[in-house]
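The primary structure of each chain is shown beneath.
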Amino acid sequence: MPLIRTNKLTRRFGHVVAVRDLDLEIARGGVVGLVGPNGSGKSTLIRLLLGLIRPTSGSAMVFDAPISHPRAYAARIGALIESPAFLPSLSARANLRSLARLRGISNARVNDVLETVGLLERSTEPAKHFSLGMKQRLGIAAALLPDPELLVLDEPTNGLDPAGMVEIRTLLRRLGDEGRTVIVSSHLLSEIEAACDTLAVVRYGELLFSGPLADLVAQAGECVEAVPEHQQDAGRLAESLVTRGWKATVRGENVHVAAPASEAADVNRAAAQAGITLRALRPQEASLEEVFLRMTGESSGDNGRPVGAAEKDDEGGGAS
Amino acid sequence: MTRAIRSELARLRNRNFILGGIGLMAALALMLTTIIFVTAGERVMGPGEQAVTVETLEAADGMFVGVQSSFSMLGIVVLALWAVAVTSDYAHGLIRLLVQAEPGRLRLLGGKIVALAGFTCMASLVTTVLLLVVMPGIAALAGVSTGAWTDDLLHTVAVGYLNLTLAALLWGIAGLLVGMVTRSAGIAIAVGIGYLLVFEGLLGMLLDSASRWLPGSSFSTIAAGGTADMTYGTALLVAAAYACAAIAVAALLFWRRDITA
């Protein structure tokens, strides 16, 4: 029985559909990454599951209880939603005590979570004196208060220094290994890749992929990176490869070709026939970032647009 | 709901809120009362205001007359305190943590109301004690005889405290409503002041007889223990109706509204 199951879950805000007919299942245990571009509906999905907002249509179950009755499972969930939220004039400890009282949790547990996130020594300081990273730790401490079976963390490494990020990643892995389910929403794909077992990718409120991380990368296949001798030939090379049936993307001075390593020689031949000499030709496995960008249609910010798609878009013919 | 009350009390134990809230209410009460005592019989009264004579101040409940005759100013302070307590949950995003921890939103709201009511009772008590301690001295300075004040002092103080507290609670509930509607402390306080000083004041000038039924007037009537225009009992009924309506609207808004803060 999955821990979370959504069925045609939809949430509209006026004319905007934030979550659209979402069918998602998340199994118990492990660390699950929830990724998608800004505005893809991640936070709305989290708020729906936590009972903070109500769906427009569809349904969802969490711990076998409908999300219309979040009280049935609230005690089993800890969450950090968007950014840490505290009264700035209260100390870290007082803020946590206030939440602990609401949940009926002892003060001893407050000490435990402060120690877990490394804030025990500074727990009497007002939260307003904390750095962004310390506030983030405090937010994680609040999420850990109920000793939750399901932990939902939205951008948990925001504002943390590299050492802090490693600590949080280690903590997430530990929690996942203990049999808890941890859902992590993050823009940092390297963090997701390092910490998560499974992944759910959303865009425009729709689920694009759900399953093991390895399956996603494998599904995306390999690619060949071709580097023309003259940088200005990159665009022409990509166009030439697209006309021969490959999917090619210009990234800086390189051309990424969606093709297995066995087709590298064919790519080289095609370049030669187009009168372009290659300086390098490297078979590569697609990274999660590449897969994500390809899947969500996002630009990598370095001229990474699919040539074929651009041509057809220009003609008003839609995506390739 | 006990958990919600204890949690809210833990947040209200914020030093700034306690000093700001109780201190401001007590200081303002003392200041207004002092002005009334010093200027008794001299002040030019505005429309709807009743003159405070020296004889009134020398009566058994004289020490409370200052607070009673200018209660709307204290009411604004209480309105602001309740509005700030409601809106700060939204301003700091705390509301999403609270609702996630306790999805029973009416329990959360009930806990907040009970905790704030307790805080208001405490603020009224401090104000009453302050008046009790300081007013004989101020009365002596203003040349007001306090001989009658000690007649049945306990009863006078108890009634004065009860009326002060009831009226403060009613203003607080008004603050709860505007805070819940606006979700912004600044706007909530502006709306409260605008309503009292502009809207209800203008209506009072235009519709003298009907204005007594307005919320601010009925709350002030309770603070004063009844007036010539409206009995204490009628004012209690009118104010209770406003309070119930305000709590119902606030609860409905909180229960239905998306938590997007």
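Just so you know, these numbers come straight off a predicted model, no measurement behind them. (Residues numbered from 1 in each chain as written. Chains lettered and ligands numbered in written order. Predicted model: local features only at pLDDT ≥ 70, side-chain atom pairs only at ≥ 80, totals over all residues. Heavy atoms only, no water.)

Undergrad: Which residues make up the pairing of strand β2 (residues 16-26) of chain A, and what values go with them?
TA: Residues and elements named next belong to chain A. Strand direction decides the pairing type here: strand β1 (residues 4-13) and β2, joined by seven bridges, are antiparallel. Paired with R12 across the two strands is V17, which belongs to β2. Between β1 and β2, which pair antiparallel in sequence order, lie two residues; one of them, G14, sits at a positive phi of approximately 65 degrees. (Pairing = 2+ DSSP bridges. Helix = DSSP H or I, 4+ residues; strand = E, 2+ residues; numbered from the N terminus.)

Undergrad: Could you give an account of the domain arrangement of chain A, with specific residues and numbers?
TA: Assigned domains within chain A: domain 1 (4-218) and domain 2 (222-285). When each unit is reduced to the centre of its C-alpha atoms, the spacing between domain 1 of chain A and domain 2 of chain A is 41 Å. (Domains from an automatic or database assignment.)

Undergrad: Please provide a residue-by-residue account of the interface of chain B and chain A, values included.
TA: Interface size is commonly expressed as the accessible surface area that is lost when the partners come together. Counting residues at the interface gives 32 residues for chain B, matched by 29 residues for chain A. By the criterion of area lost to chain A, the three top residues of chain B are R96(B), L97(B) and Q100(B), representing 24% of everything that side buries. On inspection of chain B and its partner chain A, the count reaches two salt bridges. In this assembly, chain B and chain A are joined by 14 residue pairs in polar contact (both at pLDDT 80 or more). Contributing elements (two or more residues each) for the side of chain B that touches chain A: α1 (2-12), α6 (94-101), α7 (105-142) and α11 (232-256) of chain B. Of the residues assigned to the side of chain B that touches chain A, the class counts are 12 nonpolar, nine polar and 11 charged. (Contact = heavy atoms within 4.5 Å. Buried area = accessible area lost by both parts, 1.4 Å probe. Salt bridge = Lys/Arg side-chain N within 4 Å of Asp/Glu carboxyl O. Polar contact = N/O pair within 3.5 Å; in protein donor to acceptor, adjacent residues only side chain to side chain. Nonpolar A, V, L, I, M, F, W, Y, C, P; charged D, E, K, R; others polar.)

Undergrad: Tell me about the sheet that holds β2(A), and name the residues and values.
TA: All names here are of chain A. Strand order across the open sheet formed by four strands is β2-β1-β4-β5, with antiparallel pairing between neighbours. Each edge of the open sheet carries a strand with a single partner, namely β2 and β5 (65-66). Most of the contacts of helix α1 (residues 42-50) go to β1, to which it runs at about 115 degrees, and overall it touches β1, β2 and β4 (57-62). (Axes fitted to C-alpha atoms, helices over the stretch in contact; angles between N-to-C directions.)

Undergrad: Which residues make up the pairing of strand β11 (residues 222-228) of chain A, and what values go with them?
TA: The side chains of a regular strand alternate, residue by residue, between the two faces of the sheet. All names here are of chain A. With six of its seven residues buried, β11 lies for the most part within the structure. Strand direction decides the pairing type here: β11 and strand β13 (residues 254-257), joined by three bridges, are antiparallel. Paired with E225 across the two strands is H256, which belongs to β13. (Buried < 20%, exposed > 50% of the residue type's maximum accessible area, 1.4 Å probe, protein only.)

Undergrad: Quick rundown of the confidence of the model for chain A? Include the residues and the values.
TA: Residues and elements named next belong to chain A. Per-residue confidence for chain A gives a mean pLDDT of 82, with 91% of residues at or over 70. Between the elements of chain A, mean pLDDT differs from a low of 33, seen in helix α11 (residues 307-314), to a high of 93, seen in β5. Across residues 299-320 the pLDDT falls below 50, and counting only partners more than four positions away or on other chains, this stretch makes 33 contacts in the model. (pLDDT = per-residue confidence, 0-100.)

Undergrad: Describe the environment of A59(B), naming the residues involved and giving the relevant values.
TA: All names here are of chain B. Mapped onto the secondary structure, A59 falls in the loop between α3 (54-58) and α4 (62-69). Spatially, the C-alpha atom of A59 lies 7.9 Å from that of T146, the residues being 87 residues apart in sequence. Sequence-distant contacts of A59, that is, excluding residues within four places in its chain, are made with A148 and W149.

Undergrad: Requested: an account of unusual backbone geometry, with residues and values cited.
TA: The phi torsion at K8(A) lies on the positive side, around 50 degrees, for a residue other than glycine. Looking at the secondary structure, you find K8(A) in strand β1.

Undergrad: Tell me about the sheet that holds β11(A), and name the residues and values.
TA: Hydrogen bonds between backbone groups are what pair the strands of a sheet, and the pairing can be parallel or antiparallel. Residues and elements named next belong to chain A. Spatial strand order, β12-β13-β11-β14: four strands in an open sheet with antiparallel pairing. Two strands lie at the open edges of the sheet, namely β12 (248-251) and β14 (278-285), each paired on one side alone. Sheet twist, expressed as the average angle between the axes of neighbouring strands with direction ignored, equals 25 degrees. Helix-sheet contacts for helix α9 (residues 264-273) involve β11, β13 and β14, and the interaxial angle to β14 is about 150 degrees.

Undergrad: Quick one: what's the story with the confidence of the model for chain B, residue by residue and with numbers?
TA: Reading predicted coordinates in detail is not appropriate for stretches of low pLDDT. A residue-level look at chain B finds 94% of positions with pLDDT of 70 or above and a mean pLDDT of 84. With pTM at 0.78, the complex prediction returns an ipTM value of 0.79.

Undergrad: Give a description of the side chain of R105(B) that names residues and reports values.
TA: Summarising the element assignment, R105(B) is placed in helix α7. Salt bridges are absent for the buried R105(B), whose nearest opposite-charge side chain, D258(B), sits at 6.0 Å. Apart from residues no more than four positions distant in its own chain, R105(B) is found in contact with G51(A), L52(A), R54(A), V99(B), F254(B), W255(B), R256(B), R257(B) and I259(B). (Lys, Arg positive; Asp, Glu negative; His and termini not counted.)

Undergrad: Mind laying out the packing of helix α8 (residues 153-182) of chain B against α11(B), listing which residues take part and the relevant values?
TA: Residue and element names in this part refer to chain B. Interhelical geometry of α8 versus α11 gives an angle of 30 degrees and a closest axis separation of 9 Å. Taken as axis vectors, α8 and α11 run roughly parallel relative to one another. Our pair here, α8 against α11, has a crossing hand that is left-handed. In this structure, α8 contributes N163, L166, L170, I173, L176, L177, M180 and V181 to the contact, and α11 contributes Y232, L236, A239, A243, A246, I247, V249, A250, L253 and F254. Considering only residue class, the contact of α8 with α11 consists of 17 nonpolar, one polar and no charged. (Parallel < 35°, antiparallel > 145°, perpendicular 65-115°, else oblique. Left-handed = near helix turned anticlockwise from the far one by under 90°.)

Undergrad: Requested: an account of a nonpolar patch on the surface, with residues and values cited.
TA: Residue and element names in this part refer to chain B. Taken together, the side chains of M73, I193, L197, V198, L202, M205, L206 and L207 make up a nonpolar region of the molecular surface, amounting to roughly 790 Å² of accessible area. You can see M73 is positioned in helix α5 (residues 71-91). Looking at M73, the relative accessible area reads 38%, which means it is partly exposed. (Patch = residues over 30% accessible without salt bridge, like charges linked within 9 Å, V, L, I, M, F, W, Y side chains within 5 Å. Areas by Shrake-Rupley, 256 points an atom, 1.4 Å probe, with all protein chains shown as cover.)

Undergrad: Residues and numbers for the state of the cysteines, please.
TA: The full count for this structure, using the stated rule, is zero disulfides over all chains. For the unlinked cysteine C121(B), the closest cysteine sulfur is that of C244(B), found at 17 Å. (Disulfide = S-S within 2.5 Å.)

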